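Results of the structural survey
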Amino acid sequence: MKTNPRYRHPAGYVAYVMVISTAAILTFMLIFAYKRALLSQSVQSTIQLRVDYNEKEDVILRSIVAITPNRAMRAMRNGSAAAGTSRDSLRWQNIFADAVIQANAGTSITTDGKKNIGQGNSVSSNAGDGALGTTNLMFTNVHGAANTVYVTPGINRTLSKGFPEALVSTDGTVNTNDLVYPIIANSKNYNGLAAKEYKTLKYPAINFGYAKPGENFLAKRNWWGFSMDLADHDNGLTGTALSRREFVLSIYEVPSQLAISASSFVNLGKYKDGVDWKNIDISGNVFADSAVVEAGAVLPGLSTRGGLTLDRNATVGGKKFDGNPFTPGVREAYEVANGGYFPISMPSESGRAAFIPINRGADFFDRHSVTNDDETNTLSTTAWNDYSSGAKQCAMRLDVTKVTGGASPSPTEFRFHYYKGGSRRYDDFPPIQGTAASVPIGFTHVANRNDTYYFSEPVDVAYGTTSKLYFKSGVSGNITFSDSAFGWSGGGTRRGYFRPRVPFTTTVGPQGRICVSVFPERFPKFLAAIGADNVTMNNSLVVNSDYRSNVAVKKPSFPIASGDFGLILNECANLSSFTKGFSLVTNYRLYIGSDFNTVSIAAPAGYTGTLPYYPPCSLFAPEKRFGADSSPYAVGVTGQIGSLAAKDNTDEDKAARPLDSRGINDALLNPANTTMNLRPMVDPADLPPVTMMNWLVVIEERRKEFW
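Calculation criteria
Residues numbered from 1 in each chain as written. Predicted model: local features only at pLDDT ≥ 70, side-chain atom pairs only at ≥ 80, totals over all residues. Heavy atoms only, no water. Helix = DSSP H or I, 4+ residues; strand = E, 2+ residues; numbered from the N terminus. Buried < 20%, exposed > 50% of the residue type's maximum accessible area, 1.4 Å probe, protein only. Contact = heavy atoms within 4.5 Å. Areas by Shrake-Rupley, 256 points an atom, 1.4 Å probe, with all protein chains shown as cover. Phe/Tyr/Trp six-rings, centres within 6.5 Å; stacked < 30°, edge-to-face > 60°. Pairing = 2+ DSSP bridges. Axes fitted to C-alpha atoms, helices over the stretch in contact; angles between N-to-C directions. Salt bridge = Lys/Arg side-chain N within 4 Å of Asp/Glu carboxyl O. Arc of directions from axis to C-beta. Disulfide = S-S within 2.5 Å. Polar contact = N/O pair within 3.5 Å; in protein donor to acceptor, adjacent residues only side chain to side chain.

In terms of helices and strands, the protein carries twelve helices and 34 strands. Within the protein, the proportion of its 707 residues that are buried is 48%. Within the protein, contacts between residues at least 6 apart in sequence are counted, and of these 68% link residues at least 24 apart. Of the roughly 33000 Å² of accessible surface on the protein, a fraction of 50% belongs to carbon and sulfur atoms.

Here's what the structure looks like:
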């Protein structure tokens, strides 16, 4: 049997060189792809680290804005200069360290954050996470000092472009401490300006609309430069090098200057009786801590710290808003249509900014509630009470020190503080009635016994011996100084004396209330008679009851109670002698008994405000009433109106209503007969001696493209 032979393939060969070459090429391609993947991962890691560091730095900057003003206030308080942990916490080093902790900048994501995304048990591989505990590796000054100095204070120095104008200070304590602590002090001023004088500055580029970005406003800018680089702390571990960024931290001292300012919850648009506002013209922005804006309101702009309720028929910035004006997209649409400025704002929209009204409430009006006995050994040379209480800032002080007994006490003695030769002194003034055992201060010998002297204007006169005098107040014309004219009996050498009328006295006011009467027009001649400095120095007055020194003297209540004193302001229409302005602060109910500040004077050189120019004046009282003998038929107000009501009051029924006008019987005046023309201050010469104060805190990055 024949079989087929086994099938065989044709002979062939293997090209080992080709196989090896192909394998090598594929291997090299795989290695290259792997290296590119590793490089891409490294680049992405580096980018992510940079983004992470930038986000951490942004949160830290926000924390610095929140922390610094509190530490600056504490540096003005009692015992802040005493060695210990309390003082150490005020150091710039610890401000920065606390900001890192508050921002939780040591980790990229919190434990709760990981749980929220379902990764509660995950381990972070972010090389940038760490304790960030070496502050001087992350923060340093910008003037080249050792890295143990964390900031560059903006006083007595000229830095390169991009830094603000520096303040000047000759106070060695302030100059030394400002390197270590955030110091706010009256001794820091602009070159050529006196203490507590402010300058026209440009408003920073932030969304909080106290003013428009780039617009002029009145302020003093305290600032400190520093640089920051978080990556420098762990550069050896992460290998990430960032450019060190330079910043300017500013605390603007901003005297209240808007048409309406209220550091409390306010109602805008309606009077207390529910009637819409009438005859009210407002220019410039309005500020309130929080607000209800009613349909009757027409506001150019509104800034609040705590939010607002806006009626759809109210007008702000020429527009009515149907719904929440902070809804995403509303701002952008308005700015496109109207040129880039949104008329409603909150500081929280600006991120690296905070606005802080300095509101002492009732303490603003009463210097005896804020004594300086417990404010010593402070880091700042300006004590907090002196800085924040209007009553403490007044040059002249009038205290009721003694009263009659019984259910309806009346002042029997005033103590008057004033400046003489640049130093404060005081004298006691009993009301001019009955007799006195000595010649009171300010009286000048003018006639002998039985002489007649002519007085062209009302004066106070006295007659008798140096140990027994009889008085007459407010007399004019021919006055005969005789025993019979004054009802004097007894022996001794009798003489006649006179004094310009005292600018304060006791009277019976509205509804039988015992009142202190103040007459500002009398101050120039009276101060000259007692040898005091003139009204360019003695240009502000606080009127209080000295209940600390005499328990028989009652502290006024708020609202005013039966038996509390009131204050009547009279003879105050012509304040032209007060070329630097006049301010009155009191914790009594204030009755404005006559026209106030209606005589214009020549404007200062270079003045840019509204003409005619009137002496800048301010009146501060917890309650104000128009009229002294009767309620006026009509009232007109030009200037600014503010409120120091409690800022924690959120009851709409108790909301502050700063534009309500009341007569002596507490009833609202007829809105048809009240006219208000409210406008902001635009020139430093518009600022009165005493104002409410605010702080605007801003951090801005110094970038070359901006300067």
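Right, let's talk about the packing of aromatic side chains for a bit. One pass over the full model with this rule turns up 40 aromatic pairs. Between phenylalanine 416 and tyrosine 418, the ring centres sit 5.3 Å apart and the planes meet at 25°, which makes this aromatic pair stacked. Here phenylalanine 416 and tyrosine 418 have matching classes, each one buried. Residues tyrosine 607 and tyrosine 613 carry aromatic rings whose centres are separated by 4.9 Å and whose planes lie at 65° to one another, so their mutual orientation is edge-to-face. One exposure class covers both tyrosine 607 and tyrosine 613, and it is buried. Through successive ring pairs, a cluster of aromatic residues spans Trp92, Phe96, Phe139, Tyr150, Trp224, Phe226 and Phe247.

Burial along strand β33 (residues 674-678) is one-sided: the residues Thr674, Met676 and Leu678 are buried and none of Thr675 and Asn677 is. As judged from the three bridges shared by strand β7 (residues 280-282) and β33, these two strands associate in the parallel manner. The residue of β33 that forms the bridge with aspartate 281 is asparagine 677. Bridging between strand β31 (residues 635-639) and β33 involves five bridges; their strand directions are parallel. By the bridge assignment, threonine 638 is partnered in β33 with asparagine 677.

Pairing within the open sheet is antiparallel, and its five strands lie in the order β18-β21-β20-β22-β19. In this open sheet, the two edge strands, each paired with only one partner strand, are β18 (435-436) and β19 (444-448). Sheet topology note: the strand β20 (residues 452-465)/strand β21 (residues 468-480) ladder contains ten bridges and is antiparallel. Bridge pairing in β21 links phenylalanine 455 to glycine 477.

If you walk across this open sheet you meet the six strands as β17-β16-β15-β25-β27-β29, and the pairing is mixed. Every other strand in the sheet has two partners, leaving β17 (423-429) and β29 (617-620) as the edge strands with one partner each. Across the sheet, the mean angle from the axis of one strand to that of its neighbour is 15°, orientation sign disregarded. Across four bridges, the pairing between strand β27 (residues 582-586) and β29 is parallel. Bridged to leucine 584 within β29 is leucine 619.

Next up on the list: the pattern of salt bridges. Inspection of every chain in the model, using the stated rule, returns 30 salt bridges. For glutamate 701, the salt bridge goes to arginine 245, with nearest N and O atoms at 2.9 Å. Of this pair, glutamate 701 sits in strand β34 (residues 693-701) while arginine 245 sits in strand β5 (residues 245-255), and the two are 456 residues apart along the sequence. Ionic pairing is found between arginine 312 and aspartate 322, a salt bridge with its closest N-O pair at 3.4 Å. With a gap of ten residues between them, arginine 312 in the loop between β11 (308-310) and β12 (315-316) and aspartate 322 in the loop between β12 and α8 (330-338) connect regions that are remote in the sequence. A relative accessible area of 62% places aspartate 322 in the exposed class. Taken together, the shared-partner salt bridges in this structure form one network comprising Arg589, Glu623, Arg625 and Asp666.

Taken as a whole, helix α3 (residues 92-102) has its buried residues at Trp92, Ile95, Phe96, Ala99 and Val100. Down the axis, α3 shows its buried residues gathered within 135° of arc, on one side only. Remark: asparagine 104 follows α3 within two positions and exhibits a positive phi of approximately 55°.

Across all of its chains, the model carries zero disulfides by this definition. No disulfide involves cysteine 617; its sulfur sits 9.3 Å from that of cysteine 572, the nearest cysteine. Exposure remark for cysteine 617: the relative accessible area of 22% places this residue in the partly exposed category.

For the rest of this paragraph, the subject is unusual backbone geometry. Residue proline 559 is bonded to the preceding phenylalanine 558 through a cis peptide linkage, with omega at 0°. Look at the link from leucine 611 to proline 612: it is a cis peptide, with omega at 0°. By the element assignment, proline 612 lies in the loop between β28 (589-592) and β29. Despite not being glycine, asparagine 156 shows a phi value in the positive range, around 55°. As for its placement among the helices and strands, asparagine 156 is situated in the loop between β2 (152-153) and α6 (172-177). The class for asparagine 156 is partly exposed, based on a relative accessible area of 43%.

As a further point, take the side chain of serine 380. Considering the arrangement of structural elements, one finds serine 380 in the loop between β14 (353-358) and α9 (384-388). Given the relative accessible area of 0%, serine 380 is considered buried. In this structure, serine 380 is in contact with Ala75, Met76, Ile183, Ile184 and Ala185, ignoring residues within four places of it in sequence.

Within the secondary structure, glutamate 246 sits in strand β5. Taking the C-alpha atoms as reference points, glutamate 246 and asparagine 141, separated by 105 residues in sequence, lie 8.9 Å from one another. If we skip the residues at most four places from it in the chain, glutamate 246 touches Val142, Phe163, Phe226, Ser227, Glu700, Glu701 and Arg702. At a separation of 2.5 Å, a polar atom in the side chain of glutamate 246 contacts the side chain of arginine 702.

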